Amino acid sequence: MRREENNGEIFRAFQKSFQDLQGSMSLEAFAKKLGMSQALARSYLTGTRFPDTQVLQKISELWGVSVDWLLGRSAFRVKENERMTVREMGLSEKAAVLLQSAHNTGEPEGLNPQLVSAMIENEHFARFMQQIQVYISRAEEVREKLKGADPGMLDFYSYRLRAEKLAVTDVLHDLLNGMAPLPELQEREKAKGVEKPPK
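Structure report, in brief. (Residues numbered from 1 in each chain as written. Predicted model: local features only at pLDDT ≥ 70, side-chain atom pairs only at ≥ 80, totals over all residues. Heavy atoms only, no water.)

What to know about the pattern of salt bridges
Step number 1: Scanning the model with the defined rule gives five salt bridges in all.
Step number 2: With its nearest N and O atoms 2.9 Å apart, the salt bridge here joins D174 to R127. Of the two residues, D174 is situated in helix α10 (residues 154-179) and R127 in helix α9 (residues 125-146); the sequence distance between them amounts to 47 residues.
Step number 3: D174 sits in the buried class, given a relative accessible area of 15%.
Step number 4: We classify R127 as partly exposed; its relative accessible area is 36%.
Step number 5: R138 is the salt-bridge partner of E164, the closest N and O atoms lying 3.1 Å from each other. You can see E164 sitting in helix α10 and its partner R138 sitting in helix α9, a full 26 residues away along the chain. (Salt bridge = Lys/Arg side-chain N within 4 Å of Asp/Glu carboxyl O. Helix = DSSP H or I, 4+ residues; strand = E, 2+ residues; numbered from the N terminus. Buried < 20%, exposed > 50% of the residue type's maximum accessible area, 1.4 Å probe, protein only.)

The structure is reproduced here in structure tokens:
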């Protein structure tokens with residue numbers, strides 16, 4: 001690859017990273033936070049200028065991101081996250097081994113690290129996990145109450161657990177829509193007054 005092409009890729013990577021940092025901030029607020037003129041910030045955002053090493057370092061320190069991320073050399077905004085340990089993530093050894101195996105060999109089939117990342121990054125994931133925890137807690141309560149309980153109560157407890165499973169399914173629906181949105185179908189559901197698929 002010629003040097004000019006390499007520089008072009010780095011310039012475009014920086015432009016994208018810089019735009020990501022701006023997010024929904026106004027140009028005025030963004031430039032003020034960076035301690036630079038709006039004209040200079042705009043030139044970085046549009047890709048007409050490229051910062052020198054001092055400016056790159058300043059942006060890195062102000063936003064707590066790595067220079068490598070700013071230049072597109074790393075997918076990790078924070079360099080320390082690149083080598084985060086299993087203990088820091090709170091994963092079991094078995095879960096870590098499965099993820100590592102899937103990353104290196106593609107096995108076990110269906111456990112795709114990119115898909116796992118996309119799920120965790122989805123805005124509905126935390127609510128999905130909370131709903132699963134609610135179901136597990138409810139199942140433990142039911143297990144205790146069924147010890148020596150009247151057989152007539154089985155239907156009641158079964159109904160309660162079904163309701164919790166349906167709540168998990170509702171959040172899963174939102175999670176999947178967030179990961180693979182189909183705007184046309186979602187608009188049709190809204191038009192019909194149905195936000196969730198029929199149970």
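Quick look at the layout of surface pockets
Step number 1: Size it by volume and the largest pocket reaches roughly 1100 Å³.
Step number 2: Taken together, 22 residues form the lining of the largest pocket, with F76, M89, L91, L99 and S117 sitting closest to its centre.
Step number 3: Where the lining of the largest pocket is concerned, the elements lending two or more residues are α6 (86-89), α7 (93-105) and α8 (113-121). (1 Å grid on protein atoms, 1.4 Å probe; cavity = no way out; pocket = protein on both sides within 12 Å on 5 of 7 lines; lining within 4 Å. Points joined across faces, edges and corners; volume = space filled by probe spheres on them.)

Quick word on the packing of aromatic side chains
The relative placement of two aromatic rings is captured by the distance of their centres and the angle of their planes.
Step number 1: Tallied over the full model, the rule gives eight aromatic pairs.
Step number 2: With centroids separated by 5.6 Å and ring planes inclined at 75°, the aromatic side chains of F14 and F50 adopt a geometry described as edge-to-face. Taken as a pair, F14 in helix α1 (residues 3-22) and F50 in the loop between α3 (38-46) and α4 (53-63) lie far apart in primary sequence, 36 residues in all.
Step number 3: A relative accessible area of 27% places F50 in the partly exposed class.
Step number 4: When the ring of F18 is compared with that of Y44, the centres are 5.6 Å apart and the planes differ by 90°; the resulting orientation is edge-to-face. A residue pair is termed long-range when its members are at least 10 positions apart, and F18 in helix α1 and Y44 in helix α3 qualify at 26 residues.
Step number 5: Taking relative accessible area as the criterion, Y44 reaches 3% and is therefore assigned buried.
Step number 6: One Lys or Arg, K33, reaches over the ring of W63 and ends 4.2 Å from the middle of that ring.
Step number 7: When the ring centre of W69 is taken as reference, the NZ or CZ atom of R77 above it lies at 4.5 Å. (Phe/Tyr/Trp six-rings, centres within 6.5 Å; stacked < 30°, edge-to-face > 60°. Lys NZ or Arg CZ within 6 Å of the ring centre and 35° of its normal.)

Section: the nonpolar core
Step number 1: Counting residues in each nonpolar core, the largest one holds 21 residues, and the members touching the most others are F14, F18, L21, M36, I59 and L70.
Step number 2: Counting residues per element, the ones that place at least two in this core are α1, α2 (27-34), α3, α4 and α5 (67-70).
Step number 3: Excluding residues that lie within four positions of it along the chain, I59 makes contacts with F14, F18, L21, L34, V65 and L70.
Step number 4: If you look at the next biggest cluster of nonpolar residues, it comprises five residues, including F125, F128, V171 and L175. (Core = buried A, V, L, I, M, F, W, Y, C linked by side-chain atoms within 4.5 Å. Contact = heavy atoms within 4.5 Å.)

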